[in-house]
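As a plain string of letters, each chain reads:
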Amino acid sequence: MTVSVGIIGARGYVGRELLRLLAGHPEVEVVYASSREWAGQALGKVYTEFAATPISDLVCEALGPEEMAARPVDVAFLGLPNGKAAPFVAAIEETSPQTCLIDLSADYRADPAWAYGLPELGRTAIVGAKRIANPGCYATAAQLAIAPLASLWQGPVTVTGLSGWSGAGTTPSRKNDPEALRDNAIPYGLVDHGHEAEIAHGAKTAVHFTPVVMPFFRGLVALVSGRIVGHADPGKLIEEAYEKEPFIRLIAAPAEPAAVAGSLRADLSLPVCAAEGDRIVLSCALDNLLKGAASQAVQNLNVSLGLPEGLGLSVPPPSG
Ligand SMILES: NC(=O)C1=CN([C@@H]2O[C@H](COP(=O)(O)OP(=O)(O)OC[C@H]3O[C@@H](n4cnc5c(N)ncnc54)[C@H](OP(=O)(O)O)[C@@H]3O)[C@@H](O)[C@H]2O)C=CC1
Ligand SMILES: CC(=O)N[C@@H](CCC(=O)OP(=O)(O)O)C(=O)O
């Protein structure tokens, strides 16, 4: 079985990780990679890490929605900034609706016509799905920590997300300016960040979410704190939820971003209970570009097509 794949948004941080993973996927052939800025350049030239891979000679193209839809593939990934996917989705609906679309942006995550692609919290909807909305990076980490305890939470759960600056994408802003971040941390989106509703919906629990961008490039940690009721052991519920999950590692100490940078797994710390007895804290760290985006998207490709979920997901990260 060869799965033909195209990527729109190949120049972005997420697109680059997707290309790296897909180039090493034994059942995938990358047919097109679209970037306006890289158009006309071979992937092996723009990124040396691709030089000795099957995609080395693939020349980037600047494909608009109609041009993309006229190049039917089995699976198309959209790695565009938020708010830009709709014309591409419309063109696919019109010309090649059988193509499986995996959108990395926030645009379709609340759309009931799209499967929400967080496999560890719901594979059934992804199997055979043709429209898959890949979750947000903070939202993945927070939901992995919160969802197994949905029956225990009493009142809103507080989530603080600390992210590397690659989470802010390649478009220059203060949030991805290494100078502004030097010896610094930048809180932002103090209320009503889009991931707050995404986490609450997925984890079926009210959430207060605040993000902070940090002076490192990749990786994030979500710190989750809230009150619980009932007699169930939260640690046991977490262990039962993830004991068979290869991309989730349960740890005793607080999770740290550096431990998962470049890794395809999420580290989830078992809950600790405060002295007052009914408040617990747990933490989940993952690489925002991998389990928070690109490798989760490849998990979704595999699940959708009925391939082993980990196929193609053992490629080591680039050095440096
Ligand atoms: N960074 C992260 O940690 C995560 C990001 N996401 C989501 O994934 C998506 C991609 O993120 P990221 O890679 O960081 O973003 P980047 O800003 O790094 O990349 C955006 C890509 O889209 C292309 N692009 C930008 N504007 C347009 C346009 N109007 N039409 C066509 N192409 C366009 C750019 O290439 P070119 O200009 O060359 O065409 C580039 O390839 C976003 O929606 C983001 O929210 C999700 C989870 C984590
Ligand atoms: C540090 C940083 O800026 N992070 C991004 C989240 C990245 C992500 O998950 O993107 P989407 O949910 O928008 O697809 C943000 O807070 O908007």
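Residues numbered from 1 in each chain as written. Chains lettered and ligands numbered in written order. Predicted model: local features only at pLDDT ≥ 70, side-chain atom pairs only at ≥ 80, totals over all residues. Heavy atoms only, no water.

Cut-off, in case you're wondering: UniProt positions are given in the numbering used here, feature names are shortened, and annotations may be inferred rather than shown by experiment.
By the naming in an unreviewed UniProt entry, the protein goes by N-acetyl-gamma-glutamyl-phosphate reductase and is assigned to Parvularcula bermudensis. Under the heading Pathway (unreviewed entry), UniProt records this for the protein: "Amino-acid biosynthesis; L-arginine biosynthesis; N(2)-acetyl-L-ornithine from L-glutamate: step 3/4." Looking at the Sequence similarities (unreviewed entry) heading of the UniProt record, one finds this comment for the protein: "Belongs to the NAGSA dehydrogenase family. Type 1 subfamily."

Regarding the overall build of the protein
Quick reminder of the rule: A run of DSSP states H or I qualifies as a helix once it reaches four residues; a run of E qualifies as a strand once it reaches two. Both are numbered from the N-terminal end. Each radius of gyration reported is based on C-alpha atoms, and the globular scaling rule is 2.2 Å times the count of residues to the power 0.38. Remark: exposure states derive from per-residue accessible area (1.4 Å probe, protein chains only) relative to the maximum for the residue type, with buried under 20%, exposed over 50%, and partly exposed in between. Throughout, a residue-residue contact means that at least one pair of heavy atoms, one from each residue, lies within 4.5 Å. Residue exposure ignores everything except the shown protein chains as possible cover, and the areas themselves are Shrake-Rupley values with a 1.4 Å probe. Residues scored as positive are Lys and Arg, those scored as negative are Asp and Glu, and His as well as the terminal groups of each chain are ignored. The atom standing in for a charge is NZ when the residue is Lys, CZ when it is Arg, CG when it is Asp and CD when it is Glu.
Scanning the protein for helices and strands turns up nine helices and 14 strands. A globule of 320 residues ought to have a C-alpha radius of gyration of about 20 Å, and the protein, at 19 Å, matches this closely. Over its C-alpha atoms, taken along the principal directions, the protein stretches across nearly 60 × 45 × 35 Å. The 320 residues of the protein split such that 54% are buried. Pairs at least 24 apart in sequence give 71% of the contacts found in the protein among residues at least 6 apart. Carbon and sulfur atoms form 55% of the exposed surface of the protein, whose accessible area is close to 13600 Å². Placing the 23 positive and 33 negative side-chain charges of the protein at their respective mean positions leaves the two points 2 Å apart.

Considerations on helix 9 (residues 294–305)
Going by this rule: The length a helix should cover is 1.5 Å for every residue beyond the first.
Look at helix 9: 17 Å from first C-alpha to last across 12 residues, which is about the 16 Å you get at 1.5 Å a residue. With respect to burial, helix 9 is a largely interior element, 11 of its 12 residues being buried. Among the residues of helix 9, Ala294, Ser295, Gln296, Ala297, Val298, Gln299, Asn300, Leu301, Asn302, Val303 and Ser304 are the ones counted as buried.

Structural notes on the pattern of salt bridges
For the record, the criterion: When a carboxyl oxygen of Asp or Glu lies within 4 Å of a side-chain nitrogen of Lys or Arg, that pair is called a salt bridge.
Using the criterion set out here, one finds 18 salt bridges in the structure. For Glu179, the salt bridge is made with Arg182, and the minimal N-O distance between the two is 2.3 Å. When sorted by exposure, Glu179 lands in the same class as Arg182, which is exposed. The closest approach of N and O atoms between Arg227 and Glu276, which form a salt bridge, is 3.6 Å. Pair noted here: Arg227 is in strand 10 (residues 220–228) and Glu276 is in the loop between strand 13 (272–273) and strand 14 (279–286), with a separation of 49 residues, a long-range link. The class for Arg227 is partly exposed, based on a relative accessible area of 36%. Residues joined in a network through salt bridges with shared partners are Glu17, Arg20, Arg218 and Asp287.

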